[in-house]
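Structure at a glance
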Amino acid sequence: EDKVVQSPLSLVVHEGDTVTLNCSYEVTNFRSLLWYKQEKKAPTFLFMLTSSGIEKKSGRLSSILDKKELFSILNITATQTGDSAVYLCAVEAYSGAGSYQLTFGKGTKLSVIP
Amino acid sequence: EPEVTQTPSHQVTQMGQEVILRCVPISNHLYFYWYRQILGQKVEFLVSFYNNEISEKSEIFDDQFSVERPDGSNFTLKIRSTKLEDSAMYFCASTEGGRVSPLHFGNGTRLTVT
């Protein structure tokens, strides 16, 4: 069974701090790893990673994948209160007959206090 | 930017009743998905749909569930006889090609079964 494990499950930091969120996975037929941010409703897409060692960056957020050690990290620098959310890691895998599925981790709840 | 839209945003129903959750995928997309998230738990795959048939479904998607694309724009999830444990946020998503990622979710329908 495919498995995605995120750590920590929750994190409280002060504005300006840098945080690192972790995601490890065990999946068959891995295709990509994705990070999402979930505030009140739907997860919103942040990054998709397919290759090891290539950092994806968007503003203060960055992410990298290690396909050998089967993990990814999401970094947020200079955190702001608006970064408070649940960050979800999901792994895309080929499930056969042209079909793909996302398996999600439980998420890391980040709280940024002023 | 085109987006997936879902209605209603919140549905309250009594146990044993049938509910239909509606989704309008992005117009040129061909693959459609339903995921759900029970409060406090992880996002879980329910079903994928392509070419007017189910391409993949999870163990959660039992005989009580069905999906349909009744016309060229809507994609529906029906739960025939709701149970208390069906209470969750239901997310619809669509993609242009068979690859799931990056998956863009609708804002979800919160289903409450009393």
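What counts and what doesn't
- Residues numbered from 1 in each chain as written.
- Chains lettered and ligands numbered in written order.
- Predicted model: local features only at pLDDT ≥ 70, side-chain atom pairs only at ≥ 80, totals over all residues.
- Heavy atoms only, no water.
- Pairing = 2+ DSSP bridges.
- Helix = DSSP H or I, 4+ residues; strand = E, 2+ residues; numbered from the N terminus.
- Axes fitted to C-alpha atoms, helices over the stretch in contact; angles between N-to-C directions.
- Contact = heavy atoms within 4.5 Å.
- Buried area = accessible area lost by both parts, 1.4 Å probe.
- Salt bridge = Lys/Arg side-chain N within 4 Å of Asp/Glu carboxyl O.
- Polar contact = N/O pair within 3.5 Å; in protein donor to acceptor, adjacent residues only side chain to side chain.
- Nonpolar A, V, L, I, M, F, W, Y, C, P; charged D, E, K, R; others polar.
- Buried < 20%, exposed > 50% of the residue type's maximum accessible area, 1.4 Å probe, protein only.
- Disulfide = S-S within 2.5 Å.
- 1 Å grid on protein atoms, 1.4 Å probe; cavity = no way out; pocket = protein on both sides within 12 Å on 5 of 7 lines; lining within 4 Å.
- Points joined across faces, edges and corners; volume = space filled by probe spheres on them.

**Topic: the sheet that holds strand 3 (residues 19-24) of chain B**
Residue and element names in this part refer to chain B. If you walk across this open sheet you meet the 4 strands as 1-3-8-7, and the pairing is antiparallel. Where the open sheet ends on each side, the last strands, each with one partner, are strand 1 (5-7) and strand 7 (65-68). Geometrically, the sheet is characterised by an average inter-axis angle of 20° between neighbouring strands, direction not taken into account. Pairing analysis gives 4 bridges linking strand 7 to strand 8 (residues 75-79), with the strands arranged antiparallel. Counterpart to Val67 in the pairing with strand 8 is Leu77.

**Regarding the interface of chain A and chain B**
Each partner contributes to the interface: chain A provides 22 residues, whereas chain B provides 22 residues. Contact between chain A and chain B buries roughly 1,800 Å² in total, counting both sides, with carbon and sulfur atoms accounting for 59%. It is A:Lys41, A:Tyr100 and A:Phe104 in chain A that bury the most area against chain B; as a group they hold 27% of the surface buried on that side. On inspection of chain A and its partner chain B, the count reaches 0 salt bridges. Applying the counting rule to chain A against chain B returns 4 residue pairs in polar contact (both at pLDDT 80 or more). Elements with a minimum of two residues in the side of chain A that touches chain B: strand 4 (30-38), strand 5 (43-49), strand 9 (85-96) and strand 10 (99-104) of chain A. Residues belonging to the side of chain A that touches chain B are distributed by class as follows: 10 nonpolar, 8 polar and 4 charged.

**A closer look at the pairing of strand 9 (residues 88-95) of chain B**
Residue and element names in this part refer to chain B. Burial analysis of strand 9 places 8 of its 8 residues in the buried class, which makes it a mostly covered element. Residue alternation in strand 9 divides its side chains into two sets, Ala88, Tyr90, Cys92 and Ser94 and Met89, Phe91, Ala93 and Thr95, and both sets are buried. Pairing geometry for strand 4 (residues 31-37) and strand 9, over 7 bridges, is antiparallel. Along strand 9, the bridge assignment pairs Arg36 with Tyr90. Two strands pair when backbone bridges link them, and strand 9 and strand 11 (residues 109-113) are joined in this way by 3 bridges, in the antiparallel orientation. Its bridge partner lying in strand 11, Met89 is registered against Arg110. Here strand 9 pairs with strand 10 (residues 104-105) via 2 bridges, running antiparallel.

**Some thoughts on the state of the cysteines**
The full count for this structure, using the stated rule, is 2 disulfides over all chains. Here A:Cys23 pairs with A:Cys89 through a disulfide, and the sulfurs are 1.9 Å apart. What sets the handedness of the A:Cys23 and A:Cys89 disulfide is the S-S torsion sign, and at about -70° it is left-handed. Of this pair, A:Cys23 sits in strand 3 (residues 19-26) while A:Cys89 sits in strand 9, placing them 66 residues apart in sequence. Of the residues examined, A:Cys89 reaches a relative accessible area of 0% and is grouped as buried. Covalently, B:Cys23 is tied to B:Cys92 through a disulfide, its sulfur atoms 1.9 Å apart. Residues B:Cys23 and B:Cys92 are joined by a disulfide whose S-S torsion is about -65°; by sign, that bridge is left-handed. Taken together, the positions of B:Cys23 in strand 3 and B:Cys92 in strand 9 put the pair 69 residues apart, joining distant regions of the chain. Given a relative accessible area of 0%, B:Cys23 falls into the buried group.

**Considerations on the layout of surface pockets**
Of the volumes computed, that of the largest pocket is approximately 510 Å³. Lining the largest pocket are 19 residues; nearest its centre among them are A:Glu1, A:Asp2, A:Gln101, A:Thr103 and B:Ser58. Looking at the lining of the largest pocket, the elements that each hand over two or more residues are strand 9 and strand 10 of chain A together with strand 5 (43-50) of chain B. Top contributing element to the lining of the largest pocket by residue count: strand 10 of chain A, with 4 residues.

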